[in-house]
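Okay, here's what each chain looks like letter by letter:
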Amino acid sequence: MSVLLLNASMQPLNVISRRRLCVLLTKQRVALLSDEAELEAAAALAGRRLPEGIVMVRLLRTVHVPRRMLRPNRRNLLLRDDHTCQYCGFVGPASELTVDHVLPISRGGAANSWENQVVACKRCNWRKASSRPEEVGLHLRRPARPLTQEYAHILFLRYPELKQAYDALVA
Ligand SMILES: [Zn+2]
């Protein structure tokens, strides 16, 4: 399992590997959330092992995090649209889904904007081809908006098991 890195203020910052965790622990940049976990990690490091069972660590000093601008790439579009075809509601694995330009690029649609790209199943994308959705009887299930939520929100979409652990911590 991955490790959730928290700011000193307990805001989720990033997901890091166990190897990165070891570096941060060795440099004394992070603290574990309990004395027990702290002892276990120290013992593991002393034995040149990777600490086990750690889900969250906290930076000892607060870092300022600039607001991240998320790009409307395929991965982020799949997150925004919950792996759901925005025309028919089909939910499936990424391999079954495509990115559709609502107003086709060939007709002046923006190639790389949040508002003009949605996730579509292959069938709907094929049916739509180079038409506007309404021309072939398709309708967006919800408006295509930029993904502007906190970065933490994106992290938790990718790592639901860390969200559980974090929610339990801050509850
Ligand atoms: Zn569809």
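Just so it is clear, the model here is predicted, and its values are computed rather than measured.

J.: What am I meant to see in the coordination of the zinc ion here?
T.: The reference angle at a metal is 109.5 degrees if four donors form a tetrahedron and 90 or 180 degrees if six donors form an octahedron. Bound to the zinc ion on the protein side are C85 (SG), C88 (SG), C121 (SG) and C124 (SG), at distances that span 2.3 Å. Coordination at the zinc ion is tetrahedral, judged from the 4 donor atoms that bind it and the angles of 103 to 115° they form at the metal. Within one chain, the residues donating to the zinc ion are spaced in sequence as C-x2-C-x32-C-x2-C. Here the residue C88 occupies a position in the loop between α3 (74–80) and β5 (97–101), and C124 occupies one in helix α4 (residues 122–128), the gap between them amounting to 36 residues. We classify C88 as partly exposed; its relative accessible area is 38%. Note on C124: relative accessible area 3%, which makes it buried.

J.: How should the sheet that holds strand β4 (residues 56–59) be read in this particular structure?
T.: Hydrogen bonds between backbone atoms are what pair the strands of a sheet, whose relative direction is either parallel or antiparallel. With mixed pairing, the 4 strands of this open sheet are ordered in space as β2-β1-β4-β3. With one partner strand each, in any of the chains shown, β2 (12–16) and β3 (30–32) form the two edges of the open sheet. Recorded for the sheet is a direction-independent mean angle of 30° between the axes of neighbouring strands.

Rules behind the numbers
Residues numbered from 1 in each chain as written. Predicted model: local features only at pLDDT ≥ 70, side-chain atom pairs only at ≥ 80, totals over all residues. Heavy atoms only, no water. Donors = N, O, S within 2.8 Å, 3.2 Å for Na, K, Ca; no water. Tetrahedral: all angles 85-135°; square planar, octahedral: opposite > 155°, others 65-115°. Helix = DSSP H or I, 4+ residues; strand = E, 2+ residues; numbered from the N terminus. Buried < 20%, exposed > 50% of the residue type's maximum accessible area, 1.4 Å probe, protein only. Pairing = 2+ DSSP bridges. Axes fitted to C-alpha atoms, helices over the stretch in contact; angles between N-to-C directions.

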